[in-house]
Amino acid sequence: MRSLHCSGIKMAKLTYPRYSNLCGWNAMLPPRQPRPSLQQDLTVDYAIIGAGYTGLAVARRLHELNPDTRIAVIEATTVGEGSSARNSGFTGSDVLPRNASIEMAEKARIQTGFFTEAFDWLMSIVRDNGIGCDLKQAGSIRGAATELGEASLRNVLEVARANKIAHTVLSRDDIHRRIGTSYYRFGIYMQDTWLLQPAALIRGLADALPAPIQLFENTPVTAIRKSDGWVLETPNGVVKCKKLALATNAFIPKFGYLKSRMATIYTYAAVTEEIADDRIGEIGESAAWGLLPSHRLGTTLRRIGRNRVMVRSLYAHEGELDGAYAARKLRDRFERRWPNLRDVQFEYLWAGTTAFTMNGAPWWGQADDGLYASGGCNGSGIAKGTMLGRHLAELMLGFGEHDKMAASMGTASWIAPEPFRSIGFNVISTLESRKAGLEM
Ligand SMILES: Cc1cc2nc3c(=O)[nH]c(=O)nc-3n(C[C@H](O)[C@H](O)[C@H](O)COP(=O)(O)OP(=O)(O)OC[C@H]3O[C@@H](n4cnc5c(N)ncnc54)[C@H](O)[C@@H]3O)c2cc1C
């Protein structure tokens, strides 16, 4: 994760997230009063663009290490409507990649050390501020529906054993008992996964920011330029800062940085209506469960609250899919797994973004003079975004030692520009979809 220096003035016409549907997790919560948008010019020491897990970790850590410094977080939407709320709410500190091989065990062990530090920090913030986000150490099932999926999970099993990660091997019947579907032939139950309500967590983290940190919601940054530090333009005010952090994940390339390192990928989630009490047995006997797929294009499942199911699946490059198409595909995933619940409707359906990187590694570091960025935390942003954001704040202050962390995470490799990128995405997703088969 090396520095990427550009020179001269930067002025870009920016796009920021505008989703067609509201976030279901946010809609299931009581309304929250957002912080006011920026209505005047402002000068601070540090500005952070993006109030997701990464941006809030940067802001909190800067304040922890240097309480007198002036910090502002600028968020385009309301907290609870960004991807930090739109996710499936799985988190934890044990690192066990989906395509784990025994050679990766040592690397995973080192990464786990960094994740544990950040995860414990996050949990202490949740505890100290009484953030109610339905947090449970419910564990998670890695599930395989196909022979290929099972073979891949057996590799994961070896790494779990080598790294002494608490787990239980599950048969088809075990999985059926827990989650009510006999769709999966093999599974591994990982004890150290926490399930939570992601909109409640990110809202809680924003509302618990120490008072000197200023947060402006509904304030899209429309342009940035270098001028004795950095100048950020927003619809009703200009922010001047000495140092700037881009914590916008999939939207970092829209600022003109890391365009050859990451792409914006949309993925979808849907939540059913409440399932009637007399049919609740159809979603298994575990009061809380989550299932992660054995293939990267596979489907994630979760029981939500007492009587709803969440289905997360589908990918699109740089833009949302047609809404009716996305709904049809997610329904197909749900009905294949629970044919007896075919009449249960989806109450919520939404898209969210992640920053895709070719080799799965994030990009973290200094991208220009006084400009820092962290993105590409993909499907594990709750813990990884927090960890990388915390380290980014320290880097901005010239504090701490980050080489070991950076080396263990690797750095996002080069991705071809358009039109090759879109062609590549379509080819790879067609081939991988075939491979994933019923894991989708
Ligand atoms: C459907 C889905 C399921 C997922 N499941 C999981 C899971 O179970 N566990 C997990 O850990 N991760 C999961 N993820 C990934 C996780 O949500 C991301 O990794 C995480 O949100 C990244 O956090 P972040 O703070 O880096 O970026 P984001 O959460 O994307 O935050 C960036 C913020 O920047 C703001 N922004 C962008 N452009 C501008 C601008 N111009 N001006 C001002 N603000 C701007 C955005 O509005 C956004 O709020 C999932 C993601 C999706 C979409």
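Our subject is the structure listed above.
An account of the accompanying structure is given in this report.

Thresholds, definitions, all that
Residues numbered from 1 in each chain as written. Predicted model: local features only at pLDDT ≥ 70, side-chain atom pairs only at ≥ 80, totals over all residues. Heavy atoms only, no water. Near = heavy atom within 4 Å. Polar contact = N/O pair within 3.5 Å; in protein donor to acceptor, adjacent residues only side chain to side chain. Areas by Shrake-Rupley, 256 points an atom, 1.4 Å probe, with all protein chains shown as cover. Helix = DSSP H or I, 4+ residues; strand = E, 2+ residues; numbered from the N terminus. Nonpolar A, V, L, I, M, F, W, Y, C, P; charged D, E, K, R; others polar. Core = buried A, V, L, I, M, F, W, Y, C linked by side-chain atoms within 4.5 Å. Buried < 20%, exposed > 50% of the residue type's maximum accessible area, 1.4 Å probe, protein only. Patch = residues over 30% accessible without salt bridge, like charges linked within 9 Å, V, L, I, M, F, W, Y side chains within 5 Å. Salt bridge = Lys/Arg side-chain N within 4 Å of Asp/Glu carboxyl O. Pairing = 2+ DSSP bridges. Lys, Arg positive; Asp, Glu negative; His and termini not counted. Contact = heavy atoms within 4.5 Å. Phe/Tyr/Trp six-rings, centres within 6.5 Å; stacked < 30°, edge-to-face > 60°. Axes fitted to C-alpha atoms, helices over the stretch in contact; angles between N-to-C directions. Parallel < 35°, antiparallel > 145°, perpendicular 65-115°, else oblique. Left-handed = near helix turned anticlockwise from the far one by under 90°.

Looking at the site of the ligand
T54, E75, S84, F90 and N378 are the nearest of the 38 residues found near the ligand. One nitrogen or oxygen atom from the main chain of F90 is found 2.8 Å from a nitrogen atom belonging to the ligand. Bound to the protein, the ligand loses 97% of the 1,000 Å² it would expose on its own. Mapped onto the shell around the ligand, the elements with two or more residues apiece are helix 2 (53-65), helix 3 (83-86), strand 18 (346-356) and helix 9 (381-396). Class assignment for the residues of the shell around the ligand results in 14 nonpolar, 21 polar and three charged.

So, the nonpolar core
Within the largest apolar cluster, 60 residues are counted, with the highest numbers of intra-cluster contacts made by I224, L232, L244, L246 and Y257. Residues A59, A208, Y348 and W350 belong to the second largest nonpolar core, which totals 58 residues.

Things to note about a nonpolar patch on the surface
On the surface, I423, V427 and L431 cluster together to form a nonpolar patch covering roughly 270 Å² of accessible area. Locating L431 in the fold gives a position in helix 11 (residues 420-436).

Let's talk about the sheet that holds strand 1 (residues 42-43)
Pairing is mixed across the open sheet formed by four strands, whose spatial order is 1-12-11-10. Two strands bound the open sheet, and with one partner strand each, they are strand 1 and strand 10 (223-226). Pairing of strand 10 with strand 11 (residues 230-234), which is carried by four bridges, proceeds in the antiparallel orientation. Directly across from K226, in strand 11, lies its bridge partner W230.

Observations concerning the side chain of R303
Considering the arrangement of structural elements, one finds R303 in strand 16 (residues 300-304). For R303, which is buried and forms no salt bridge, the nearest opposite charge comes from D277, at a distance of 8.4 Å. Here the side chain of R303 touches R306 through a polar contact of 2.7 Å, landing on its backbone oxygen. In this view, R303 contacts I280, I283, G284, S286, A287, W289 and R308; residues no more than four positions away in its chain are not counted.

Details of the packing of aromatic side chains
Under the defined criterion, the tally for this structure stands at six aromatic pairs. With centroids separated by 6.1 Å and ring planes inclined at 50°, the aromatic side chains of F119 and W194 adopt a geometry described as tilted. Pair noted here: F119 is in helix 4 (residues 105-128) and W194 is in strand 8 (residues 194-195), with a separation of 75 residues, a long-range link. For F119, a relative accessible area of 5% gives the class buried.

Quick notes on the packing of helix 2 against helix 9
In the contact formed by helix 2 and helix 9, the axes pass within 7 Å of each other and the chain directions differ by 40°. Judged by the angle between their axes, helix 2 and helix 9 are oblique. At the point where helix 2 passes helix 9, the crossing takes the right-handed sense. The segment helix 2 lies against helix 9, with Y53, T54, A57, V58, R61, L62 and L65 engaging G381, I382, G385, T386, G389, R390, L392, A393, E394 and M396. Residues belonging to the contact of helix 2 with helix 9 are distributed by class as follows: nine nonpolar, five polar and three charged.

So, unusual backbone geometry
Apart from glycine, the bulk of residues carry a negative phi angle, and the bulk of peptide bonds sit in the trans form. Each neighbour pair has its own omega, and for E418 with P419 the value is 5°, a cis peptide bond. Inspection of the secondary structure puts P419 in the loop between helix 10 (403-409) and helix 11. Phi angles above zero are rare outside glycine, and D134 is one such case at about 55°.

Considering the pattern of salt bridges
Applying the stated criterion across every chain yields a total of 27 salt bridges. Across the pair D332 and R333 runs a salt bridge, and its minimum N-O distance is 4.0 Å. On the basis of relative accessible area, D332 is assigned to the partly exposed category, the value being 33%. Judged by its relative accessible area of 6%, R333 falls in the buried class.

Regarding the pairing of strand 7 (residues 186-190)
For strand 7, the buried fraction is high: five of the five residues fall into the buried class. A two-sided burial pattern is seen for strand 7, the buried positions comprising F186, I188 and M190 on one face and G187 and Y189 on the other. Note that strand 6 (residues 167-171) and strand 7 share five bridges and pair antiparallel. When the sheet's bridge partners are listed, L170 is paired in strand 7 with G187.

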